[in-house]
Amino acid sequence: MSKRKNTRVEMNRPIELQGPRGTSQGVVRDFSPGGCRIEQPDAKVHCGMRLTLRISLPDRREPIEIKPAVVTWTGKESFGVEFLSLSQDIRARVKIVYDLLLEAQSSAESERVISLPSVSWT
C-alpha cells in the first residue's frame, strides 16, 4: 500500500540542492505537490537530511525555492524528498504545474506538454 497522497507525474527538470555538504545539481524525475524524486548519481544524502531546493518548473523561467525539504528515501541513482512547508504562493504554483502535467500525462494528446528552455545556474 502506497503512503503517497498524490500521484507522481513524470518530469525532467533541473534542480539545485543545498545542504550541509554544499550545493549540487540533479534532475527532478517525478513530482507531486508533496515531494519529488531527484536523480543524482552518488548523492551524498541520507534519510532525514534537510535540504533547500531550487526547482526550475516548466511554467516560468525563475525557479522556486523550497525549504525545508527532507530526504525520505535513498537509492543508488536517486532519492526522494518531501516538501515540509510551502508558502501559500509556492504551494499554489506547485499545484498549478502539477495539475497541468497530470492532465498532459494522462491525456491522449501527446503534444500537450508545457516546457521552457533549460535553466543555467549562476
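Everything that follows concerns the structure shown earlier in this document.
Predicted, not measured: the structure shown is a model, and the values here were computed from it. (Residues numbered from 1 in each chain as written. Predicted model: local features only at pLDDT ≥ 70, side-chain atom pairs only at ≥ 80, totals over all residues. Heavy atoms only, no water.)

Caption draft 1: Local environment of the nonpolar core. In terms of nonpolar packing, the biggest core is built from 27 residues, with Phe31, Leu51, Leu53, Ile55, Ile66, Val81 and Phe83 touching the most fellow members. Elements supplying a minimum of two residues to this core: strand S1 (9-19), strand S2 (22-32), strand S3 (35-39), strand S4 (50-55), strand S5 (64-74), strand S6 (78-83) and helix H1 (88-106). Counting residues per element, this core draws most heavily on H1, at 5 residues. Residue contacts for Leu53: discarding those within four places in its chain leaves Ile15, Glu16, Leu17, Ile38, Ile64, Glu65, Ile66, Ala69, Val81 and Phe83. (Core = buried A, V, L, I, M, F, W, Y, C linked by side-chain atoms within 4.5 Å. Buried < 20%, exposed > 50% of the residue type's maximum accessible area, 1.4 Å probe, protein only. Helix = DSSP H or I, 4+ residues; strand = E, 2+ residues; numbered from the N terminus. Contact = heavy atoms within 4.5 Å.)

Caption draft 2: Fine view of the pattern of salt bridges. A complete count under the given rule lists 8 salt bridges for this structure. For the salt bridge of Arg93 with Asp59, the shortest nitrogen-to-oxygen distance reads 2.9 Å. Separated by 34 residues along the polypeptide, Arg93 in helix H1 and Asp59 in the loop between S4 and S5 bring together distant segments of the chain. Note on Arg93: relative accessible area 8%, which makes it buried. On the basis of relative accessibility, which here comes to 28%, the residue Asp59 falls in the partly exposed class. Among the charged side chains, a salt-bridge network with shared partners connects Arg8, Asp30 and Arg37. (Salt bridge = Lys/Arg side-chain N within 4 Å of Asp/Glu carboxyl O.)

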